[in-house]
Amino acid sequence: MGATCKDNQKICYCIDNITQPNESIAQIIESRLVELGEFLEDRQFNEKIPEQFRNFITENKFSIPNNLNINENIYLKSPLLLKSGNIYKGNWNENVQKHGYGEYYIETEKKFIEGIWYNDRLVYGRIFYPNNDLYEGYIDNFLPNRKGKMFFSTGDIYNGDFQEGRREGNGTYKFSDGTKYKGKFINNKFNGKGTLEWTNNIKYEGEFSEGYFNNHGKIADNEGEQYEGNFQNNFIDGEGKYIFEDGSTYEGSFSVNLRNGKGVFIKKDNEFKYEGNWANNFPNGSGIFTKGNIIIEGTWKYGSIETISKSNAENNEFNRDDLNFSAQIPEINLTPTRLPHMNIK
């Protein structure tokens, strides 16, 4: 049934498969609404809404989830300037509560909302923020809550769980450049198990804490280079295994993206192996060098052999320069601190 308007458009009501209320109910509603505030013209309300939001509303029809269809007597009303300073334009129920579809402007926050109300409580809608961010989803106390989608003015998009306005639970965050995180959030931050994938085909799968790579994880590219092991605050740190693009491997201890402590490096195709102590990416301290059947124990200082303590080789069976092999160890490229968006908290 179409809308019926009374009293010069001040009071309108529409009925959906329900008997039209009588005039006395309409008069009661009118008198009580007057107690709540002052009626405005549509023009006065529209002036409060930024042009880009009004254009968005016109071009993108608001859709209501099936579980929120409200099929009751609903009274349509001209914009009402409430005593709080906020403005409401939309539907009311016969208890004079905002009920059904309505638009709402919060003066103190310069925030515009359109959505579905139920007995004076906004439960679902779109929130337009003064910084041009846009949220669509479930709402509680005028904040994103439960499931929803946030479109940031930067071009970033978040789709997932909210709690009292915060990203909390499971969700997907896509940056404007295409980088994407999928996993757990706590207090807006990557927290728990998740996957972060960059557009250059580098991918991290593992644990996050306070927005950082922390504890166990794996980072890899599509060229065969990868690291699996421990992270601390976005650094490769602790025990782990690094596989280089050429097939060489290092397994052992790391500290702030560097080989530090005990570890084993095996050059591609088993050309040689070094097992021992490392400092700042270089063999440093006691270690064992193996090449074919030759085994040499000795002491290294920042990549250069200092002393040979034990060898099963004759002097003419190896070149001492073979023991200064640091230049043959590939660089660690998959360091999270070099990647974009690692400062996002």
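This structure is a prediction, so every number in the text was calculated from the model and none was measured.

**Q** So what exactly am I meant to see when it comes to the overall build of the chain here?
**A** If you tally the helices and strands in the chain, you get three helices and 25 strands. Buried residues in the chain amount to 43% of all 345 residues. Put simply, of all contacts in the chain between residues at least 6 apart along the chain, 26% involve residues at least 24 apart. Taken as a whole, the chain presents about 17,900 Å² of accessible surface, with 44% of it coming from carbon and sulfur.

**Q** Would you mind showing me how to read the pairing of strand β10 (residues 134–140) here?
**A** Each regular strand displays side chains that alternate between the two surfaces of the sheet. Counting buried positions over the seven residues of β10 gives five, a clear majority of the element. Sheet topology places strand β9 (residues 121–128) next to β10; five bridges connect them, and they run antiparallel. Paired with R126 across the strands is E136, a residue of β10. The loop that links β9 with its antiparallel partner β10 comprises five residues; one of these, N132, has a positive phi angle of about 80 degrees. Note: β10 against strand β11 (residues 143–151), six bridges, orientation antiparallel. Counted as the bridge partner of D140 is L143 from β11.

**Q** Sorry, what's going on with the nonpolar core here?
**A** A general trend in soluble globular proteins is that nonpolar side chains are found buried together. Within the largest apolar cluster, 58 residues are counted, with the highest numbers of intra-cluster contacts made by F213, I219 and Y242. In this structure I219 touches I202, K203, Y204, F213, E225, Q226, Y227, F231, L334, P336 and L339, once residues within four positions along its chain are discounted. In terms of nonpolar packing, the next biggest core, distinct from the first, is built from 10 residues, L40, F53, I57 and F128 among them.

**Q** Just checking my understanding: could you explain the confidence of the model for the chain for this structure?
**A** Close inspection of predicted coordinates is inappropriate for parts of the model with low pLDDT. In the predicted model, the chain carries a mean pLDDT of 87, and 89% of its residues have values of at least 70. The lowest-confidence element of the chain is strand β2 (residues 11–14), averaging 36 in pLDDT; the highest-confidence one is strand β12 (residues 157–163), averaging 98.

**Q** What's the story with unusual backbone geometry in this structure? I'm lost.
**A** Backbone geometry follows two general trends: most residues other than glycine have a negative phi, and most peptide bonds adopt the trans configuration. Positive phi, normally seen in glycine, also occurs at N188, with a value near 75 degrees. Along the chain, N188 falls in the loop between β14 (180–186) and β15 (189–197).

**Q** Please clarify how the environment of L258 should be interpreted in this entry.
**A** With respect to the secondary-structure elements, L258 resides in strand β21 (residues 258–266). C-alpha of L258 to C-alpha of F235: the two residues are 23 residues apart in sequence and 9.1 Å apart in space. Those residues in contact with L258, other than ones at most four positions away along the chain, are S253, N280 and N281.

Cut-offs and rules
- Residues numbered from 1 in each chain as written.
- Predicted model: local features only at pLDDT ≥ 70, side-chain atom pairs only at ≥ 80, totals over all residues.
- Heavy atoms only, no water.
- Helix = DSSP H or I, 4+ residues; strand = E, 2+ residues; numbered from the N terminus.
- Buried < 20%, exposed > 50% of the residue type's maximum accessible area, 1.4 Å probe, protein only.
- Contact = heavy atoms within 4.5 Å.
- Areas by Shrake-Rupley, 256 points an atom, 1.4 Å probe, with all protein chains shown as cover.
- Pairing = 2+ DSSP bridges.
- Core = buried A, V, L, I, M, F, W, Y, C linked by side-chain atoms within 4.5 Å.
- pLDDT = per-residue confidence, 0-100.

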